[in-house]
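# Topology and contacts: notes
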Amino acid sequence: MAEFVDGFDFLAQFDKTVSFFGSARTPQSDKYYVAARDLASRLGAEGFTIITGGGPGIMEAANEGAKAADVPSVGLNIELMMEQRVNPYVTKSIAFQHFYTRKVMLSFASQAYVYFPGGYGTLDEMFEILTLIQTKKIQQSIPIILYGVDFWEPLTTWMRTSLLEKHQTIDASDLSIWTLTDDLDEAIQIVKQSQPRFHH
């Protein structure tokens, strides 16, 4: 309970927020690291605070871009035994002991969400937000951007052909919750059109 209180108090200080997700294993030489850094920097120039899980890889790239733009570079970190130390570009951070507390904070944190290629954690966080929007537990106008067509398209195709067309386990409208893109300019325009989720 104390982590929930501390987490919500921590997030209340930020306006115009965008959350970045992606693999902690992405090296700095990877095209997605470069894209995440550039996107965060350009959004920072538009006045957006950048929020990540605070770790390495894509999270570090986004925090690096935010710091270069001189906007708050926020990390919602998880305390793990072997990894996930706060990256050097985070300027404001909070650490959580419990994944579920951190997930609630990540789901509450932003008015737009960008997902770069990642592993189980990224997929878990993506489907969490998609489910909350689908079930109208959070507002449906929140943009969800899946960046990286070659990574995400096989999954989105499977969702259309298997979940919708073959098994009818989702509605057609559920496939419009996200935008799939490789275009930084498109991603920026989508985020710029988003609205704050709460007022202080």
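Treat the numbers as computed from the prediction; the structure is a model and nothing was measured.

## Observations regarding the overall build of the protein chain
Along the protein chain, the regular secondary structure elements total 7 helices and 7 strands. Put simply, the protein chain runs from its N terminus to its C terminus through helices and strands in the order α-β-α-β-α-β-β-α-β-α-β-α-β-α. Here the C-alpha radius of gyration of the protein chain, 16 Å, is about what a compact globule of 200 residues would show, namely 16 Å. Structurally, the protein chain occupies a C-alpha span of about 45 × 40 × 35 Å along its principal axes.

## With respect to the nonpolar core
Counting 32 residues, the largest nonpolar core has L76, Y115, I144 and W178 as the members making the most contacts within it. No other element matches helix α5 (residues 120–134), which puts 5 residues into this core. Those residues within four positions of W178 in sequence are excluded, and the remaining contacts are L130, I144, L146, T156 and M159. Core analysis: the next-biggest nonpolar cluster, separate from the first, contains 26 residues, V18, L39, F48 and Y147 among them.

## Here's the deal with the side chain of T49
Mapping T49 onto the fold places it in strand β2 (residues 49–52). Using a relative accessible area of 5% as the deciding quantity, one classes T49 as buried. Setting aside residues up to four positions removed in sequence, T49 forms contacts with F14, D15, K16, T17, V18, P72 and V74.

## Remarks on α5
Look at α5: 21 Å from first C-alpha to last across 15 residues, which is about the 21 Å you get at 1.5 Å a residue. For α5, the complete set of buried residues consists of T122, E125, M126, I129, L130, L132 and I133. For α5, the angular spread of buried residues about the axis comes to 165 degrees, placing them on one side. Looking at the buried residues of α5, the elements they touch are β1 (17–21), α4 (99–108), β5 (112–115), β6 (144–147), α6 (149–166) and β7 (178–181). After α5 finishes, the residue K136 shows a positive phi value of roughly 60 degrees.

Procedures and definitions
- Think of each chain on its own: its residues are numbered from 1, step by step along the sequence as written.
- For a predicted model such as this one, the threshold for reporting local features is a pLDDT of at least 70, and the threshold for listing and counting side-chain atom pairs is 80 or more; totals across whole chains, interfaces and linings nevertheless cover every residue.
- In computing side-chain properties, one takes all heavy atoms of the structure into account and sets aside hydrogens as well as water.
- Helix numbering and strand numbering both begin at the N terminus, where a helix is a DSSP run of H or I of at least 4 residues and a strand a DSSP run of E of at least 2.
- Our radius of gyration is a C-alpha quantity, and the globule rule it is checked against amounts to 2.2 Å times the number of residues to the power 0.38.
- We call a set of buried Ala, Val, Leu, Ile, Met, Phe, Trp, Tyr and Cys residues a nonpolar core when their side-chain atoms join them within 4.5 Å.
- Relative accessible area decides the class of each residue, using a 1.4 Å probe on protein chains only: under 20% of the type maximum gives buried, over 50% gives exposed, and in between gives partly exposed.
- By definition, residues are in contact when any of their heavy atoms lie within 4.5 Å.
- Every helix has an expected span of 1.5 Å times one less than the residues it contains.
- Comment: arc refers to directions from the helix axis out to C-beta atoms.

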